[in-house]
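Residue-level listing of the chains:
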Amino acid sequence: MKFFVDTADVQEIRDLAATGLVDGVTTNPTLIAKSGRRILDVIAEICDIVPGPISAEVAATDYDTMLAEGRKLAALRPNVAVKVPLTMAGLRTCKTLADDGVKVNVTLCFSANQAILAAKAGASFVSPFVGRLDDVGQDGMELIGDIVSIFDNYPLFRTEVLAASIRHPMHVTEAARLGAHVVTMPPAVLRQMVQHPLTDKGLATFMADWQKTGQSIL
Ligand code: E4P
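Residues numbered from 1 in each chain as written. Predicted model: local features only at pLDDT ≥ 70, side-chain atom pairs only at ≥ 80, totals over all residues. Heavy atoms only, no water.

Quick notes on the pattern of salt bridges
Summed over the entire model, instances satisfying the criterion amount to 12 salt bridges. Asp48 is paired through a salt bridge with Arg77; the nearest N and O atoms lie 2.9 Å apart. Residue Asp48 is found in helix H3 (residues 39-49), and its partner Arg77 is found in the loop between helix H4 (63-76) and strand E4 (80-85); the two are separated by 29 residues along the sequence. With relative accessibility at 54%, the residue Asp48 sits in the exposed group. Residue classification places Arg77 among the partly exposed residues on the basis of a relative accessible area of 27%. The partner of Arg177 in a salt bridge is Glu174, and the shortest N-O contact between them spans 2.3 Å. Of this pair, Arg177 and Glu174 both sit in helix H9 (residues 169-178), 3 residues apart, roughly one helical turn. Salt bridges linked by common partners bring Arg14, Arg37 and Glu45 together as one network. (Salt bridge = Lys/Arg side-chain N within 4 Å of Asp/Glu carboxyl O. Helix = DSSP H or I, 4+ residues; strand = E, 2+ residues; numbered from the N terminus. Buried < 20%, exposed > 50% of the residue type's maximum accessible area, 1.4 Å probe, protein only.)

Take a look at the structure:
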């Protein structure tokens, strides 16, 4: 399972990338706005920190402008994945970019039918939004499971299921259990995943006992 971080905060990305646990990054217009930086600058900088796919989202909604924006974003660095919304124009943009060899992440996916369309359009990734479905009383993880099992029926589909809108570590566990190829999570969730009180307690005991030996390994 690949781990992407869902942020445009370059310092956070740098810190987490140093652990070797980050396979890619996703951004969206909200996260770019939060960074307070120009999209072209921040995406190029992120691409230079993490060699994996870096999703950069178009801002238009019509095909011609989305295509022009997508091409401009893709030209920034070879590891850009252009993010397009799951609309008819977005799917058409996805198909054109994918035919040109550009990686595309189709975002704002809320149904299995939408995910099938993204795969048909040649997307490298489709992003079902788990947390936002949970927020409206639908089971976001059920959608992940549905899409994974549907894609398993069609080995020619190359589209990876990217579980997005992740809110807590249990979402990551469940997405892994269901076979999602990628999970994109806020940095805080990745940091929470490492935490366990018994790890802290066990480490404190080991350190105290080690002190008593008076030894040094180095
Ligand atoms: C994914 O690519 C999106 O940027 C993201 O996961 C949306 O998450 P949110 O619902 O927490 O805004």
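As for the nonpolar core
Here is a general trend for soluble globular proteins: nonpolar side chains tend to be buried in one another's company. Counting 61 residues, the largest nonpolar core has Ile43, Val82, Val84, Val106, Ile144, Ile166 and Met185 as the members making the most contacts within it. By residue number, the principal contributor to this core is helix H8 (residues 140-152), which donates 6 residues. Dropping the residues within four chain positions of it, Met185 is found in contact with Phe3, Phe4, Val5, Asp6, Ile166, Val172, Leu190 and Met193. Core analysis: the second largest hydrophobic core is formed by 7 residues, Ala81, Phe125, Leu162 and Ala164 among them. (Core = buried A, V, L, I, M, F, W, Y, C linked by side-chain atoms within 4.5 Å. Contact = heavy atoms within 4.5 Å.)

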